[in-house]
Amino acid sequence: MRGAGGGIGVLRAARALLAAGLVLAISACGAPDAEPTAVPTFPTPAADGSPLTGPGDDGRVIPADCGRILGAPHLEAVMGLPLGSVAVRTTIGVAQPAVGRTERVSCRYTRVGEGGRPLLDVNATAYRDQEAAATQWRVNVEAESGEPREVPLGSASAVVFEKRGQAVLMVAHSTSNLTLVLPDQPLPGGKTRVDALVDLALRVLPNVSVEPATAPPSSLHTGPASQAG
């Protein structure tokens with residue numbers, strides 16, 4: 001009987017050792033600690049929702065998107081309109097080597113939900129050099145109907161035409177020209193059409209021109225040349 005009991009004890013001990021060996025083997029065969037998985041990161045948009053790239057990142061002087069020339073919220077602020085009430089359309093023009101024009105972008109701003117009532121037209125152009133821009137600005141001023149009145153606008157040359165139904169501001173700065181057409185409409189706080197146009201031009205100019213070495217000539221008189229915008 002003792003022999004049988006001893007055999008049972010040996011068997012139990014062997015089973016315990018076997019179980020312990022299996023546990024050690026499983027632990028040894030486990031996968032080594034993996035390196036932490038890298039979490040992909042993406043650029044965070046600017047707080048105001050604007051693109052991460054700057055206006056000149058595409059190699060242009062005039063951005064090919066009117067939202068980067070004058071964002072709708074800026075026009076809404078100047079004209080006292082509700083947020084989201086202005087739509088904008090961008091039209092890309094072609095170069096015109098005959099007058100040195102390299103870029104042209106036209107922007108039309110309209111009122112949402114009112115049959116597309118026009119609020120503002122902006123025409124921005126860039127030229128091969130400052131002289132070509134100033135020359136074409138004079139040509140366009142001469143071709144405009146009405147009597148021009150010079151407007152102080154920093155280092156830029158600017159004249160305004162006030163007509164029945166609209167006011168037109170024409171600006172030359174460095175190698176760029178800018179024309180803003182503002183139809184008659186109610187303006188907040190007793191603001192005049194010229195006040196609104198100057199305010200808008202000051203917002204647009206940094207986005208469509210480079211800083212000049214010297215300001216372009218402001219004389220409105222020049223020799224004949226073709227009108228090309």
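So, here's what we can say about the structure.

1. Some words on the overall build of the protein chain
Part 1: For the protein chain, the helix and strand inventory stands at 5 helices and 7 strands.
Part 2: What you see in the protein chain, going N to C, is helices and strands ordered as α-α-α-β-β-β-α-β-β-β-β-α.
Part 3: Expressed as a percentage of contacts within the protein chain between residues at least 6 apart in sequence, the contacts between residues at least 24 apart total 58%.
Part 4: As displayed, the protein chain offers around 13200 Å² of accessible surface, 59% of which is attributable to carbon and sulfur atoms.

2. Things to note about the sheet that holds strand β4 (residues 149-150)
Part 1: The 7 strands lie next to each other as β1-β2-β3-β7-β6-β5-β4, forming an open sheet whose pairing is antiparallel. In this open sheet, the two strands that pair with only one neighbour each are β1 (86-92) and β4.
Part 2: Pairing analysis gives 6 bridges linking strand β3 (residues 118-127) to strand β7 (residues 176-183), with the strands arranged antiparallel. In the sheet register, Thr-125 faces β7, and the bridge partner there is Asn-177.

3. Focus: the pattern of salt bridges
A side chain with one charge may pair with a side chain of the opposite charge, provided their charged atoms come close.
Part 1: Under the definition given, this model contains 11 salt bridges.
Part 2: Ionic pairing is found between Glu-144 and Lys-163, a salt bridge with its closest N-O pair at 2.2 Å. Placement of the pair is Glu-144 in the loop between α4 (130-143) and β4 and Lys-163 in strand β5 (residues 157-163), with a sequence separation of 19 residues.
Part 3: Each of Arg-149, Glu-162, Asp-184 and Arg-193 takes part in salt bridges that share partners, so that together they form one network.

4. Thoughts on unusual backbone geometry
Part 1: Not every positive phi belongs to a glycine, and Ser-174 is a case in point at roughly 55°.
Part 2: Here Ser-174 lies in the loop between β6 (166-173) and β7.

5. Observations regarding the pairing of β6
For a regular strand, side-chain orientation follows a simple rule: the groups alternate between the two sheet faces.
Part 1: The element β6 is largely enclosed, with a buried count of 7 among its 8 residues.
Part 2: In the sheet, β5 pairs with β6 via 7 bridges, with the strands oriented antiparallel. Bridge assignment links Val-159 to a residue of β6, and that residue is Met-170.
Part 3: Linking β5 to β6, which pair antiparallel, is a turn of 2 residues; within it Gly-165 sits at a positive phi near 100°.
Part 4: As defined by bridge partners, β6 adjoins β7 across 8 bridges and the pair is classed as antiparallel. Residue pairing across strands places His-173 opposite Ser-176, the latter belonging to β7.
Part 5: Counted along the chain from β6 to the antiparallel partner β7, the turn is 2 residues long, and its residue Ser-174 has a positive phi close to 55°.

6. Side note on helix α5 (residues 193-208)
Part 1: With 16 residues, α5 extends 22 Å from end C-alpha to end C-alpha; this agrees with the ideal 22 Å at 1.5 Å per step.
Part 2: Where α5 bends most, the angle comes to about 25°, and this point is Leu-202, followed within four residues by the proline Pro-206.

7. Details of the environment of Leu-83
Part 1: Tracing the backbone through its elements, the reader meets Leu-83 in the loop between α3 (72-79) and β1.
Part 2: With 10 residues separating them in the primary sequence, Leu-83 and Pro-73 have C-alpha atoms 6.4 Å apart.
Part 3: Not counting residues within four places of it along the chain, the set of residues in contact with Leu-83 comprises Pro-73 and Glu-76.

Definitions and limits used
Residues numbered from 1 in each chain as written. Predicted model: local features only at pLDDT ≥ 70, side-chain atom pairs only at ≥ 80, totals over all residues. Heavy atoms only, no water. Helix = DSSP H or I, 4+ residues; strand = E, 2+ residues; numbered from the N terminus. Contact = heavy atoms within 4.5 Å. Areas by Shrake-Rupley, 256 points an atom, 1.4 Å probe, with all protein chains shown as cover. Pairing = 2+ DSSP bridges. Salt bridge = Lys/Arg side-chain N within 4 Å of Asp/Glu carboxyl O. Buried < 20%, exposed > 50% of the residue type's maximum accessible area, 1.4 Å probe, protein only. Expected span 1.5 Å × (residues − 1). Bend = angle between axes of the 7 residues up to and from the residue.

Everything listed here is a matter of coordinates, which is why it stays silent on function.
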